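# Structure assessment
What follows is the residue order along each chain.
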Amino acid sequence: MTPPSPVLRPYRPEDREALFDICVRTGHQGGDARHLYPDPGLLPNIFAAPYAVLEPELAFVVEDGGRAVGYILGTADTASFVDRYRAEWLPGLAEHYPAPVREPATPTEQMTALMHDPERMILPELADYPAHLHIDLLPSHQRSGHGRRLMDAFLAALHEQGVKAVHLSMLTANTRARAFYDRVGFHEIAVPGDDDVTYLGRSTQ
């Protein structure tokens, strides 16, 4: 008997464990980040969980064999998300992840500094692209069309909300991810500063 094909569906709270796992296992230029971040909750609590909790209507997963193997999530309005993240999300993390009191020296300290600085996401060059997103698929399910399906669902949900454009940020060195974003219609946005990070955007249509 042929096993059922992976399905795309809205995120559910019971997907939380899989969401965290996917985030960590794709958190280093698309590959496993567990060797860099001993705490498995660090990356997901910055780049995945707050979106799923604060804007669940924009969170979708690919499910295979009863478990999520990929996701896309984000926000319709970055500035509003930053305000809600600071007011509603960050206080619950502050005890476990205290704000750095020195210049970050390790990958964990660098990510903790990002956690406590959501305002970094508000850049004038991105004003015409108010939404932003994060998308990750386990390596076993990449290059199978699931990324495009996730992106189509997310863009359609944004369009239904009247959002005209979306952006994302990525490590410039992640050439495989860049090739995917190029294929699904993203273009580079000129943002001065860190050459290690590239910003991409596109319309929701």
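Here the structure is a predicted model, which means the values were calculated and not measured. (Residues numbered from 1 in each chain as written. Predicted model: local features only at pLDDT ≥ 70, side-chain atom pairs only at ≥ 80, totals over all residues. Heavy atoms only, no water.)

## Overview of the side chain of Thr75
- Residue placement: Thr75 occurs in strand β3 (residues 67-75).
- Here Asp77 takes part through its backbone oxygen, which lies 3.1 Å from a polar atom of the side chain of Thr75.
- Dropping the residues within four chain positions of it, Thr75 is found in contact with Tyr51, Glu55, Leu58, Phe81, Ala131, His132, Phe154 and Leu158. (Helix = DSSP H or I, 4+ residues; strand = E, 2+ residues; numbered from the N terminus. Polar contact = N/O pair within 3.5 Å; in protein donor to acceptor, adjacent residues only side chain to side chain. Contact = heavy atoms within 4.5 Å.)

## Focus: the pattern of salt bridges
- A full pass over the atoms with the stated rule returns nine salt bridges.
- Ionic pairing is found between Arg9 and Glu63, a salt bridge with its closest N-O pair at 2.5 Å. Taken as a pair, Arg9 in strand β1 (residues 7-10) and Glu63 in strand β2 (residues 60-64) lie far apart in primary sequence, 54 residues in all. The pair formed by Arg9 and Glu63 is uniform in burial state, with each residue classed as buried. (Salt bridge = Lys/Arg side-chain N within 4 Å of Asp/Glu carboxyl O. Buried < 20%, exposed > 50% of the residue type's maximum accessible area, 1.4 Å probe, protein only.)

## Examining the nonpolar core
- Membership of the largest hydrophobic core comes to 59 residues, with the highest contact counts inside it found for Leu133, Met151, Tyr181 and Phe186.
- With seven residues, helix α6 (residues 146-160) is the largest single contributor of residues to this core. (Core = buried A, V, L, I, M, F, W, Y, C linked by side-chain atoms within 4.5 Å.)

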